[in-house]
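Structural characterization, general
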Amino acid sequence: MVNATSSTVDLVGDETALNVARAALFAALLGAFAYVSFPYPLSPAPVTLQVLGVFLAGLFLGPLWGGASMVLYLLAGALGAPIFSGGGAGLGVLLGPTGGYLFSYPLAAIAVGAIAHGGIELRPLADRSVPRLVAGMAAATVVIYGVGVPFMWWNLDMTLRTAVITGAVVFVPAEAAKMAAAIGIVRSDAIHAE
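Residues numbered from 1 in each chain as written. Predicted model: local features only at pLDDT ≥ 70, side-chain atom pairs only at ≥ 80, totals over all residues. Heavy atoms only, no water.

What to know about the pattern of salt bridges
As a reminder, the rule being used: We define a salt bridge as a side-chain nitrogen of Lys or Arg found within 4 Å of a carboxyl oxygen belonging to Asp or Glu. Helix and strand assignments follow DSSP, with helices taken as H or I runs no shorter than four residues and strands as E runs no shorter than two, numbered in order from the N terminus. The classification of residues rests on relative accessible area computed with a 1.4 Å probe and restricted to protein chains. Under 20% of the type maximum is buried, over 50% is exposed, and intermediate values are partly exposed.
Tallying each qualifying case throughout the model produces one salt bridge. When the shortest N-O distance is used, the salt bridge between K178 and E175 registers 3.4 Å. Separated by three residues within a single helix, K178 and E175 lie in helix α7 (residues 172-186), roughly one turn from each other. Overall, K178 belongs to the buried group, its relative accessible area being 8%. In this structure E175 comes out as buried when scored by relative accessible area, which is 5%.

Written out as structure tokens, the structure reads:
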């Protein structure tokens, strides 16, 4: 008979457990940000704070765990958790007109994290320059539009020009505001990122 108390088994390392918890936290944060949603008369897609959550996941978790947190978010929403824009959930949302934006989130978080941190290793955000942070978020925005706009174009049977204007161009000021907010959060004295 084996004495279970005499030996311990470490199923997962402390660092991995902490990273999984952080990824789950950022997935939940993105779900909360999705509730800050309102219709935008210039687009079939609503304005939400989700992209800010994507930026923050990439910045604070880095490319690997930031991307993982977005995958976790998509899985939870696909399985029925009401965490997409306006409380939407399920595969119907993922396959609908705005599904491309959602599918882009893991890639966008990876882009932000990789550029901001200069690779896959996390570096202190206080040491990263503002232009580097902006470059990472700008690349993420290009990824989001690059996947979201064609998906909307295909789903809504609109011209490509209309899709680019209503699915990307009209959102540029909102994305710039989200970038500024993300930089403000990263540079805040109240938050110390490692």
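Once the structure has been displayed, the description carries forward.
What to know about the packing of helix α2 (residues 50-78) against helix α5 (residues 130-156)
What counts here: The axes are straight lines fitted to the C-alpha atoms, using for helices just the contacting stretch, and the angles between their N-to-C directions are given from 0 to 180°. For this classification, under 35 degrees means roughly parallel, over 145 means roughly antiparallel, 65 to 115 means roughly perpendicular, and everything else is oblique. Crossings are classed by handedness, with left-handed meaning an anticlockwise turn of the near helix from the far one by less than a right angle and right-handed meaning a clockwise turn. Throughout, a residue-residue contact means that at least one pair of heavy atoms, one from each residue, lies within 4.5 Å. All amino acids are sorted into three groups, where Ala, Val, Leu, Ile, Met, Phe, Trp, Tyr, Cys and Pro are nonpolar, Asp, Glu, Lys and Arg are charged, and the leftover types, Gly among them, are polar.
Between α2 and α5, the shortest axis-to-axis distance is 11 Å and the interhelical angle comes to 130°. Judged on the interaxial angle alone, α5 and α2 are oblique. Handedness of the α2/α5 crossing: right-handed. Residue-level inspection shows V51, F55 and L59 of α2 in contact with α5, the latter providing L133, M137, A140, T141 and I144. Residues belonging to the contact of α2 with α5 are distributed by class as follows: seven nonpolar, one polar and no charged.

Remarks on the environment of V143
Its location among the elements puts V143 in helix α5. Residue class for V143 comes out partly exposed when judged on its relative accessible area of 24%. Placed 32 residues apart in sequence, V143 and A111 show a C-alpha to C-alpha distance of 8.1 Å. The residues contacting V143, other than those within four sequence positions of it, are S104, L107, A108 and A111.

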